[in-house]
Protein chains: 2
Amino acid sequence: MNRPEELIKKIYEKQGEIKDVFFTACGGSLVDLYPGYYFVNAESETMHSHWLTAKELIVTPSKFLKKGALVILCSHGGNTNETVEAAKLAKERGAAIITMTHNPDSICAKDDMNPIVYSWEDDTDEKERPQGIVMRILNELLKLQEPGYKKYEAILDGLDKVDGIVLAAKKKVKNRTWVFAEKYFAESFLYIMGSGASYSQAYGFSICSLQEMQWMDCCYLHTGEYFHGPFECTDEDHLYILLMGTGAARVMDERALTFLQKYGKKYEVIDAEELGINAIDASVNEYFCPILFYAMSVAYRTGLQDKRRHPLDMRRYMGVVKY
Amino acid sequence: MNRPEELIKKIYEKQGEIKDVFFTACGGSLVDLYPGYYFVNAESETMHSHWLTAKELIVTPSKFLKKGALVILCSHGGNTNETVEAAKLAKERGAAIITMTHNPDSICAKDDMNPIVYSWEDDTDEKERPQGIVMRILNELLKLQEPGYKKYEAILDGLDKVDGIVLAAKKKVKNRTWVFAEKYFAESFLYIMGSGASYSQAYGFSICSLQEMQWMDCCYLHTGEYFHGPFECTDEDHLYILLMGTGAARVMDERALTFLQKYGKKYEVIDAEELGINAIDASVNEYFCPILFYAMSVAYRTGLQDKRRHPLDMRRYMGVVKY
């Protein structure tokens, strides 16, 4: 079984300098790759970062998808067509790949995919799940490749602490999720907002937790973009969920909060600071907010499931019909 | 007054090789920069491409924002705080900038912003508007910098033809926009989908034309991602607008259409092929679809405005209150 740290060292020794990192997958797995994309973009002085749905990589591959590139993929079930095809294309072009999957019997778990098979149990430590694994890979890679990289120890510390933070946060919000569901279960539509690394969780909360698992209509918004159009919909009748992250991007979330406080009435704030993310060093804790927010999206969707009597695992198309 | 072609030549002569192109702005202006981002990503073998809202560039600037980078900005009114600040930061870091604005008296039109002041009249040719100007800049840049670049003439030809295509399409859809508004003006929510370079227009149609200008709730979706979550909301009661582009990405839009035909009932297809985009060479016409789709979003929102009696220019926050 490949361990992330050893796998990236092996790739680096064989491949030499990594110049581009592509993060590609589909849906919820693509969401899990965004914090890594954001981290490389913010921290690296040697690597360019790309994040896109697997099919778009296939139909319009960057010319930097070649030797010198590392492609990180993820497919929970391990047989997602687009992800498997993207991995194949990446290899054909000479890029190195790492593929995460939960399914040890899948295509993505085959040896030539450089697989990392992860657990996905209720008690699986956050650093053994995709978002944690991606941070472990990138932290090692930056240490190997960039002598000036100074956040190695802080990231390791964050990886050790984040599971405890998530556990405590889950307990803390349980009652809130019930109250939220009680108040808003019949709402026909809502907006979910975030920024920075956590923009991914506004997207994932929307497309996975609500659109897919609750058949609830919603829209994801970037808090920075909110003020350049979407805020015109805001009034006391509209429902918002605001994910407040940390780091330099937080100013955008704070501005959205101030606006909602003044002009809105129905909004739920999920604040990573209030939920304990500051136990991790301030220089890196923004990269761990999405792990926390994912757990919060699970908590809130579970509250909604129970109140709405709409099972999270019910599907009408995915795995049910051909498309 | 700076002409795009001369300006980029001047910058290239002074700056030397461009290694990174950043496209940054806010809201509708950010939308206009996406096709350029997508074009560089798809076509260039020497330049990396970045697209992000101006505030996020400011709070988390890439380390590649330095000498060797070109930053293309746009602000219609010319004084958007975040855009002005992003330009300032880019210059401080040694990057070259080009700033598009409609307002000759604005900060963005000052000499040190390398401004291109564009017209925005009903009869302004598409190649004189931001999306056209971006393509003109990038086409010259690729010709200057990449000896292997083969699409120069095809892009020039597209720039000459696109205005006529848009004019004809506007006439063609006029009745359709009335019928659409008549049927759906009271709809509480809709999804707007696209992919490739035209994903930007699904985003812009949503956040500008509907959320901002009609206070209508909606959500933008990528047709590639649609099948990995969001499609579970689809049924005969949900309304969709599907933008069908051209080029390699079209397969994703076609797949979404097939699905909507089978499981949906209320969907409006805006197909660039049917609207004449194929008059432009097939090797490049996908980059012109967003220009056409923008005009279509104007046509549809005007239909909605007239039926809903909600003036496109009515605002409750933007330019009205402090935030």
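Each value, and the rule that gives it
- Residues numbered from 1 in each chain as written.
- Chains lettered and ligands numbered in written order.
- Predicted model: local features only at pLDDT ≥ 70, side-chain atom pairs only at ≥ 80, totals over all residues.
- Heavy atoms only, no water.
- Least-squares fit on C-alpha atoms with pLDDT ≥ 70 in both.
- Contact = heavy atoms within 4.5 Å.
- Pairing = 2+ DSSP bridges.
- Helix = DSSP H or I, 4+ residues; strand = E, 2+ residues; numbered from the N terminus.
- Axes fitted to C-alpha atoms, helices over the stretch in contact; angles between N-to-C directions.
- Salt bridge = Lys/Arg side-chain N within 4 Å of Asp/Glu carboxyl O.
- Polar contact = N/O pair within 3.5 Å; in protein donor to acceptor, adjacent residues only side chain to side chain.
- Expected span 1.5 Å × (residues − 1).
- Buried < 20%, exposed > 50% of the residue type's maximum accessible area, 1.4 Å probe, protein only.
- Right-handed = clockwise from strand over helix to strand, strands pointing away.
- Parallel < 35°, antiparallel > 145°, perpendicular 65-115°, else oblique.
- Left-handed = near helix turned anticlockwise from the far one by under 90°.
- Nonpolar A, V, L, I, M, F, W, Y, C, P; charged D, E, K, R; others polar.

Before going further, it helps to spend a moment on the relation of the copies chain B and chain A. The two copies are related by a screw motion: chain B maps onto chain A through a turn of 180° and a shift of 0.0 Å along the axis, at an RMSD of 0.0 Å. What the superposition gives is, in effect, a two-fold axis relating one chain to the other. Across chain B, the rotation axis passes nearest the C-alpha of Cys219 of chain B, at a separation of 2.4 Å. Taken together, the interface assignments show that 100% of the residues at the interface of chain B recur at the interface of chain A, consistent with an identical surface on both copies.

This brings us to the sheet that holds strand E1 (residues 20–25) of chain B. Residue and element names in this part refer to chain B. Across the sheet, 5 strands lie side by side as E2-E1-E3-E4-E5; this open sheet has parallel pairing. On the outer flanks of this sheet lie strand E2 (48–53) and strand E5 (115–117), each paired with one strand and no other. For this sheet, the mean inter-axis angle between neighbouring strands, taken without regard to orientation, is 15°. The pairing of strand E4 (residues 96–101) with E5 spans 3 bridges and is classified as parallel. Pairing of Thr99 across the sheet is with Pro115, part of E5.

Another aspect to go through is the sheet that holds strand E4 (residues 96–101) of chain A. All names here are of chain A. Taken in spatial order, the 5 strands line up as E2-E1-E3-E4-E5 in an open sheet, and their pairing is parallel. Only two strands of the sheet have a single neighbouring strand rather than two, namely strand E2 (48–53) and strand E5 (115–117). In this sheet, neighbouring strand axes are inclined to one another by 15° on average, regardless of whether the strands run parallel or antiparallel. As paired elements, strand E1 (residues 20–25) and strand E3 (residues 69–75) share 6 bridges and run parallel to each other. Residue Ala25 lies in a different strand from E3, and its bridge partner there is Cys74. Strands in contact with helix H4 (residues 81–92) are E1, E3 and E4; relative to E3, the strand with the most contacts, it is inclined by about 165°.

Right, let's get into the interface of chain B and chain A. With 70 residues of chain B at the contact, the number on the chain A side is 70 residues. Asp235 of chain B is paired through a salt bridge with Arg316 of chain A; the nearest N and O atoms lie 3.5 Å apart. Our enumeration of links across chain B and chain A arrives at 36 residue pairs in polar contact (both at pLDDT 80 or more). Of all the secondary structure elements, the ones that give two or more residues to the side of chain B that touches chain A are E1, helix H2 (27–43), E2, helix H3 (54–59), helix H7 (199–212), strand E7 (218–222), helix H8 (223–226) and helix H9 (250–263) of chain B. With 7 residues, the single largest contributor to the side of chain B that touches chain A is H2 of chain B.

Further remarks concern helix H5 (residues 130–145) of chain A. Think of an α-helix as 3.6 residues a turn; residues three or four steps apart then line up on the same face. Over its 16 residues, H5 of chain A extends 22 Å from the first C-alpha to the last, a length consistent with the 22 Å expected when each residue adds 1.5 Å. The buried fraction of H5 of chain A amounts to 14 of the 16 residues, a majority that puts the element mostly inside the structure.

Before going further, it helps to spend a moment on the pairing of strand E9 (residues 266–271) of chain B. All names here are of chain B. In terms of strand pairing, strand E8 (residues 239–244) meets E9 through 6 bridges, oriented parallel. Residue pairing in the sheet places Leu239 in a bridge with Lys266 of E9. Once you follow E8 into H9 and on to E9, the crossover reads as right-handed.

A separate point is the pairing of E8 of chain B. Residue and element names in this part refer to chain B. Counting buried positions along E8 yields 6 of 6 residues, so the element is predominantly enclosed. Of the two faces of E8, both are covered, the one formed by Leu239, Ile241 and Leu243 as well as the one formed by Tyr240, Leu242 and Met244. Here strand E6 (residues 190–194) runs beside E8; their pairing, made up of 4 bridges, is parallel. Along E8, the bridge assignment pairs Tyr191 with Tyr240.

For any two helices packed against each other, the geometry is given by the interaxial angle and the distance between the axes. Residue and element names in this part refer to chain B. Between H7 and helix H10 (residues 289–308), the shortest axis-to-axis distance is 10 Å and the interhelical angle comes to 30°. The orientation of H7 with respect to H10, classified from their angle, is roughly parallel. Where H7 crosses over H10, the two elements pack in a sense that is right-handed. In this structure, H7 contributes Ser200, Gln201, Phe205, Ser209 and Leu210 to the contact, and H10 contributes Pro290, Phe293, Tyr294, Ser297, Tyr300, Arg301 and Leu304. Each residue belonging to the contact of H7 with H10 can be placed in one class, and the counts come to 7 nonpolar, 4 polar and 1 charged.

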